[in-house]
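# Topology and contacts: notes
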Amino acid sequence: MREAAFIKRNTPKWREYEETLAEPSARADPDELTDQYIELTDDLSYARTFYPESNVTKYLNSAAARMHRGLMQNKRDDQNRFVVFWTHELPMVFRESHRLLLVSAIFFGLACLVGWLSAANDDTFVRLILGDSYVNMTLENIKKGDPLGVYNSDDRADMFLAITYNNIGVSLRTFVAGLIASFGTIMILFYNGVMLGTFQYFFYERGLLLESVLKIWIHGTLEISAIVIAGCAGLTVGNSLLFPGTYSRLESFKRGSKQGLKIAIGLIPIFVIAGFLESYVTRLTLPPVISALIIGLSAAFIGWYFIWYPIKLNKNTD
């Protein structure tokens, strides 16, 4: 093949490679960059064989060297992928979902209120929601002077694994339930909210509200917050189906599912920490100030990482 024909045939492809090298964001796709590098080195080998002293050979050699550096940079970026996900990518996803997070929190709060008022006006409601076995056991513990003695049972390690597994399962189910046009997510939020409101009224009715709060919310601050955020993940998926906007419904669903899944995955460390606190710390008899401190720090972390930091990060990128 004549040199002029070789150049004419491959120029559009080389221009595309130049655009890839000029756009740092393109390095986010290592497979595409690798394929382009292989094609470019093939062209370089051909040029070296048939046009060893030509300018096109020098150009291809330079382009291949730059693309190789891009591959190495992409490799280094992959090593930092874990850090970037937690410090930038996930908070930015949260920022995009803040409106749905507010919806999830309001709905969960209303469900708690329903549970509280229902328990206050129906003597049978507590047993209906919490179950006879739990109510009877707790009443017996109250007589013994240990209202929250349920947390002293079971092996700590087994309890930690069981609680963490269950909470992560609740999070993923809440996320997946969003596929039912958000209805499934709403029902899970409603059920958990009613249960929490009923639970707290049960202790309030017996003059143990403060004691229960200082005990249960040691782990509950993270746990309940994570359930509300999981609700946000499910609503993100559901709303992507209901309100695709300018995207096709399929494309909107893909984007919403990806965004919701990232939120759900981001909750796993929260549930692990909550499980640890419930299994190893909640059972301890702590001074009220220490319990309040743990609760306050947990609430501050949730507010910072899921609300304030994403807003700040978003402003810095504008």
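To keep things clear, this report deals only with the structure shown in the data block. Just so we're clear, the structure is a prediction, and the values are computed from it rather than from any experiment.

Below, the discussion takes up the pattern of salt bridges. Close approach of charged atoms allows side chains with opposite charge to pair. If you walk through the whole model with that rule in mind, you get 4 salt bridges. Residues Lys262 and Glu89 are paired through a salt bridge, measuring 2.4 Å at the closest nitrogen-oxygen approach. With Lys262 in helix H11 (residues 249-266) and Glu89 in helix H4 (residues 81-96), the pair connects residues that are 173 residues apart, well separated along the chain. On the basis of relative accessibility, which here comes to 17%, the residue Lys262 falls in the buried class. With relative accessibility at 17%, the residue Glu89 sits in the buried group. The salt bridge involving Asp132 is made with Arg127; its shortest N-O contact spans 3.3 Å.

All right, on to the packing of aromatic side chains then. Per the stated rule, a full pass over the model turns up 25 aromatic pairs. With 6.1 Å between their ring centres and 65° between their planes, Tyr46 and Tyr51 make a pair best called edge-to-face. Centroid distance Phe276 to Tyr280: 5.0 Å. Interplanar angle 25°. Geometry classified as stacked. Pair noted here: Phe276 and Tyr280 are both in helix H12 (residues 268-281), with a separation of 4 residues, about one helical turn. Residue classification places Tyr280 among the partly exposed positions, given a relative accessible area of 27%. Taken together through their ring pairs, the aromatic side chains of Phe6, Trp14, Tyr46, Phe50, Tyr51 and Tyr59 make up a single cluster.

Mapped onto the elements, Tyr17 comes out in helix H1 (residues 3-22). Sequence separation between Tyr17 and Tyr37 is 20 residues, and the spatial gap between their C-alpha atoms is 8.6 Å. Residues contacting Tyr17, with those up to four places away along its chain left out, are Gln36, Glu39, Leu40 and Met67.

About the cut-offs
- Residues numbered from 1 in each chain as written.
- Predicted model: local features only at pLDDT ≥ 70, side-chain atom pairs only at ≥ 80, totals over all residues.
- Heavy atoms only, no water.
- Salt bridge = Lys/Arg side-chain N within 4 Å of Asp/Glu carboxyl O.
- Helix = DSSP H or I, 4+ residues; strand = E, 2+ residues; numbered from the N terminus.
- Buried < 20%, exposed > 50% of the residue type's maximum accessible area, 1.4 Å probe, protein only.
- Phe/Tyr/Trp six-rings, centres within 6.5 Å; stacked < 30°, edge-to-face > 60°.
- Contact = heavy atoms within 4.5 Å.

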